[in-house]
Amino acid sequence: MDTHVTRQAPKARTDLTPPEAPSPGASRLGSVRLAGAALTIGTLAWAASIFVFGTDAQGMGGRIHDLTGLAFQLGVFCLLWVQTRTRAIGVSRGGVIGLRVEAVLLGVASVWSLLHGVLPDNLRDQAWLGFVDVFWPLSMFGMFVIGVKLAIAARWRGVLRWWPLVAETWAVATVPTYLVFGDPLANWVGGCHLVAGYALLGLLLARRPELTVADDENGR
């Protein structure tokens, strides 16, 4: 048997197609999907309790309203996590600080929802707990500000650039309705706005997570 030895390096094959490099941010899309699903589930739970019990329910209905409100807040935390991770409102230090401040406001509001949902009746009307309750509207106003800044920053693309602002007008739409028309209409406005706003936003995140990746990260 003849053995042929060569010192030349083998030529590179040209018949093979090199694998495509993963696009920037691709590894986090699965987490964005899960966060969107959590937002939708938490929102639908709270909206259902509003439709069934209203916002001023007493007894067990009131406790269910509080705890489903907590489920909604946990979903908003997931939204806030996505916004923080993708730097949705900009890459400046001010944007980072703004999202952290909102996390604190939402965290305190969530503590109120938990305590008001589980504490005995004689402790639910304590003055200090009423003070903590102020963080509920503050946290929602903070999310509205984030929605405005997110739309201006234009780092999220397509419908996801604008839908957070639609979702985060919940308090802007519901509170005036409550003050002018009272509970029955405000409950329906608030519940329907949650479904069309936050629940749909979560669905968009679950279905189109790539829209949270900015153009500069996509190489566009």
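Just so we're clear, the structure is a prediction, and the values are computed from it rather than from any experiment.

Right, let's get into the overall build of the protein chain. Within the protein chain, the secondary structure is distributed over nine helices and zero strands. The helix and strand sequence of the protein chain, counted from the amino end, reads α-α-α-α-α-α-α-α-α. When each of the 220 residues of the protein chain is scored for burial, the buried share is 41%. Taking all contacts inside the protein chain whose residues are at least 6 apart in sequence as the whole, residues at least 24 apart take part in 79%. Here the protein chain has roughly 12,500 Å² of accessible surface; of this, 66% comes from carbon and sulfur atoms.

With twelve residues, helix H7 (residues 170–181) extends 16 Å from end C-alpha to end C-alpha; this agrees with the ideal 16 Å at 1.5 Å per step. Residues of H7 that are buried: Trp-170, Thr-174 and Thr-177. Angularly, the buried residues of H7 cover 70° about the axis, an arc narrow enough to put them on a single face. Every exposed residue of H7 that faces more than 90 degrees away from the buried side is listed here: Leu-179 and Val-180. At its buried positions, H7 is contacted by helix H1 (29–53), helix H6 (159–167) and helix H8 (183–207). Of the residues one or two after H7, Gly-182 is the one with positive phi, at around 85°.

Here we come to the environment of Gly-59. With respect to the element layout, Gly-59 can be found in helix H2 (residues 59–85). Relative accessible area serves as the criterion here: at 41%, Gly-59 is assigned to the partly exposed category. Linking Gly-59 and Gly-117, residues 58 residues apart in sequence, is a C-alpha distance of 9.9 Å.

Time to look at H8. A rise of 1.5 Å per residue sets the reference length of H8, with its 25 residues, at 36 Å; its end C-alpha atoms lie 34 Å apart and thus fit the reference within 8%. Along its length, H8 reaches its greatest deviation from straightness, about 30°, at Leu-194.

Judged by side-chain polarity, Leu-44, Phe-51, Val-52, Phe-53, Met-60, Ile-64, Trp-188 and Val-195 come together as a nonpolar surface patch covering roughly 760 Å² of accessible area. At the level of elements, H1, H2 and H8 are the ones that each hand at least two residues to the nonpolar patch. Looking at the nonpolar patch, the element that brings in the most residues is H1, giving four residues. Mapping Met-60 onto the fold places it in helix H2.

Here we take up the confidence of the model for the protein chain. The predicted model of the protein chain has a mean per-residue pLDDT of 86, with 85% of residues at 70 or higher. Within the model, the stretch residues 16–22 combines pLDDT values under 50 with zero contacts to residues more than four positions away or in other chains.

Glancing now at unusual backbone geometry. In the Ramachandran plot, Arg-87 falls in the positive-phi region, its phi being about 50° despite a non-glycine side chain. Mapping Arg-87 onto the fold places it in the loop between H2 and helix H3 (93–118). Given the relative accessible area of 41%, Arg-87 is considered partly exposed.

Following the criterion strictly, the structure yields eight aromatic pairs and no others. When the ring of Trp-46 is compared with that of Trp-136, the centres are 5.2 Å apart and the planes differ by 20°; the resulting orientation is stacked. Here Trp-46 is found in helix H1, whereas its partner Trp-136 is found in helix H5 (residues 135–153), with 90 residues between them in sequence. The exposure class assigned to Trp-46 is buried, which follows from its relative accessible area of 5%. By way of ring pairs, the aromatic residues Trp-46, Phe-72, Trp-136, Trp-170 and Tyr-198 are connected into one cluster.

Parameters at a glance
Residues numbered from 1 in each chain as written. Predicted model: local features only at pLDDT ≥ 70, side-chain atom pairs only at ≥ 80, totals over all residues. Heavy atoms only, no water. Helix = DSSP H or I, 4+ residues; strand = E, 2+ residues; numbered from the N terminus. Buried < 20%, exposed > 50% of the residue type's maximum accessible area, 1.4 Å probe, protein only. Contact = heavy atoms within 4.5 Å. Areas by Shrake-Rupley, 256 points an atom, 1.4 Å probe, with all protein chains shown as cover. Expected span 1.5 Å × (residues − 1). Arc of directions from axis to C-beta. Bend = angle between axes of the 7 residues up to and from the residue. Patch = residues over 30% accessible without salt bridge, like charges linked within 9 Å, V, L, I, M, F, W, Y side chains within 5 Å. Salt bridge = Lys/Arg side-chain N within 4 Å of Asp/Glu carboxyl O. pLDDT = per-residue confidence, 0-100. Phe/Tyr/Trp six-rings, centres within 6.5 Å; stacked < 30°, edge-to-face > 60°.

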